[in-house]
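Residue strings, one per chain:
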Amino acid sequence: MKSLVALAVLVLSIWVFPRFWYTRKDPASATQWLDTRTNIVGWNYHAVPVDSSAERLLVADRLENGEFLPEAKGRRAGDTVRVFAAWRLKEDPREIGLFVHTPDRCWVQGGWDIEASSPDIVTVPVHGRDLSFERRVFSSHGQKELVYFTGLVAGQTLPYRLDHNLSVSRRVVADGVMDKERTTKASRWNDSLLWRRVVESFLSRRPLLGPKQFLRISTPLDGGAEAADRRIREFLPMWLEPERPGATH
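Owing to the predicted nature of the structure, the values given are computational and were not obtained by experimental measurement.

### Description of the overall build of the chain
When helices and strands are counted, the chain shows seven helices and 11 strands. Burial status across the chain gives 43% buried among its 249 residues. Contacts in the chain between residues at least 24 apart in sequence constitute 71% of all its contacts with a sequence separation of at least 6. Surface accessibility of the chain: about 13,700 Å² in total, with carbon and sulfur atoms responsible for 57%.

### A few points about helix α7 (residues 225-239)
For α7, with 15 residues, the first-to-last C-alpha span of 20 Å sits near the 21 Å given by 1.5 Å per residue. The complete set of buried residues in α7 reads Ala227, Ala228, Asp229, Arg231, Ile232, Phe235, Leu236 and Trp239.

### A closer look at the packing of aromatic side chains
According to the stated counting rule, one finds nine aromatic pairs in the structure shown. Consider the rings of Phe149 and Phe214, whose centres lie 6.1 Å apart with planes at 35°: the pair is tilted. Of this pair, Phe149 sits in strand β8 (residues 143-153) while Phe214 sits in strand β10 (residues 212-220); the two residues are 65 residues apart in sequence, bridging distant segments of the chain. Each of the two residues, Phe149 as well as Phe214, counts as buried. Through successive ring pairs, a cluster of aromatic residues spans Trp43, Tyr45, Phe68 and Phe235. One cation-aromatic arrangement involves Arg62 over Trp87; the distance from NZ or CZ to the ring centre is 3.8 Å.

### Things to note about the environment of Lys144
Along the chain, the position of Lys144 falls in strand β8. Here Lys144 falls in the partly exposed class, since its relative accessible area comes to 37%. Separated by 78 residues in sequence, Lys144 and Asp222 have C-alpha atoms that sit 7.5 Å apart. Leaving out residues up to four positions away in the same chain, Lys144 has contacts with Glu115, Phe138, Ser139, Thr219, Pro220 and Leu221.

### Concerning the nonpolar core
Among the nonpolar cores identified, the biggest contains 27 residues, and Phe68, Tyr148, Ile217, Phe235, Leu236, Trp239 and Leu240 are the most heavily contacted of them. Put simply, the parts of the chain that give this core at least two residues each are β4 (81-88), β6 (121-126), β7 (129-140), β8, β10 and α7. The dominant element in this core, judged by the number of residues it contributes, is α7, at five residues. For Phe68, the residues in contact, after removing those within four places along its chain, are Arg37, Thr38, Ile40, Trp43, Asn44, Tyr45, Thr80, Val81, Val83, Phe235 and Trp239. Core analysis: the second largest hydrophobic core is formed by 18 residues, Leu58, Phe84, Ala86 and Leu98 among them.

### Structural notes on the pattern of salt bridges
Tallied over the full model, the rule gives 11 salt bridges. For the salt bridge of Asp104 with Arg136, the shortest nitrogen-to-oxygen distance reads 2.7 Å. With a gap of 32 residues between them, Asp104 in helix α3 (residues 103-109) and Arg136 in strand β7 connect regions that are remote in the sequence. As a salt-bridge pair, Asp229 and Arg135 come within 2.8 Å of each other at their nearest N and O atoms. In this pair, Asp229 is assigned in helix α7 and Arg135 in strand β7, connecting sequence segments 94 residues apart. Across the pair, exposure class does not vary: Asp229 and Arg135 are buried alike.

### Comments concerning the confidence of the model for the chain
A residue-level look at the chain finds 62% of positions with pLDDT of 70 or above and a mean pLDDT of 76. Ranking the elements of the chain by mean pLDDT puts helix α1 (residues 2-21) last, at 45, and α7 first, at 96. When the criterion is pLDDT under 50, residues 5-24 qualifies, and its contacts beyond four places in sequence or with other chains add up to 16 contacts. Here residues 26-30 is modelled with pLDDT under 50, and outside its nearest four sequence neighbours on either side it reaches eight contacts, counting other chains as well.

The rules we used
- Residues numbered from 1 in each chain as written.
- Predicted model: local features only at pLDDT ≥ 70, side-chain atom pairs only at ≥ 80, totals over all residues.
- Heavy atoms only, no water.
- Helix = DSSP H or I, 4+ residues; strand = E, 2+ residues; numbered from the N terminus.
- Buried < 20%, exposed > 50% of the residue type's maximum accessible area, 1.4 Å probe, protein only.
- Contact = heavy atoms within 4.5 Å.
- Areas by Shrake-Rupley, 256 points an atom, 1.4 Å probe, with all protein chains shown as cover.
- Expected span 1.5 Å × (residues − 1).
- Phe/Tyr/Trp six-rings, centres within 6.5 Å; stacked < 30°, edge-to-face > 60°.
- Lys NZ or Arg CZ within 6 Å of the ring centre and 35° of its normal.
- Core = buried A, V, L, I, M, F, W, Y, C linked by side-chain atoms within 4.5 Å.
- Salt bridge = Lys/Arg side-chain N within 4 Å of Asp/Glu carboxyl O.
- pLDDT = per-residue confidence, 0-100.

Below is the structure:
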């Protein structure tokens with residue numbers, strides 16, 4: 001009987017503790033969601049359907065996936081900007097986390113390679129907020145793409161990086177593993193970086209769970225890294241805007 005009571009207390013503590021512990025907010029970070037725009041002057045937006053299997057994994061309340069093609073004179077087809085945004089308004093512990101499927105994992109499992117590049121994290125001012133983005137260069141069959149991605153929890157920027165898949169995926173690419181999906185799944189739980197991010201979240205008392213927003217933007221590297229970085233930095237404030245007052249999450 002005592003063991004059953006102890007077990008019940010343990011289970012209840014595990015369920016209740018995060019609700020009290022992960023409650024801290026960063027006073028220096030705005031608590032505001034970012035909305036996205038598709039009507040940008042000089043660009044034509046084309047929605048791209050998300051693969052049904054990927055959509056099931058994300059379990060998002062709202063998805064945006066598409067590309068902006070330049071219509072202004074002097075721009076090239078290589079100036080295309082691709083965007084993806086996902087919102088999950090309520091955390092469901094039965095579903096996989098929205099931040100689990102970063103490009104470090106999904107793109108590598110999809111056949112892309114991660115190339116060595118620097119820096120791997122950048123800060124971009126967007127409407128008065130300094131947003132930290134993971135920065136990657138991916139390549140596949142001669143095509144190279146510069147990718148930025150980030151996330152928000154409850155409208156706040158994260159106190160930890162979204163690089164928990166990076167080291168595993170780099171090892172998979174370096175080893176030339178063919179079955180990338182199975183290998184990354186097997187290696188991830190043994191990766192120290194993944195657990196370091198969990199510890200960082202615990203110490204900061206900032207939530208891992210809660211309503212989330214994931215943002216990704218990319219562009220071809222046809223004109224070189226400097227031009228691609230500049231294109232994304234200039235495009236972010238046009239694509240993203242502070243959410244209008246009155247919206248609820």
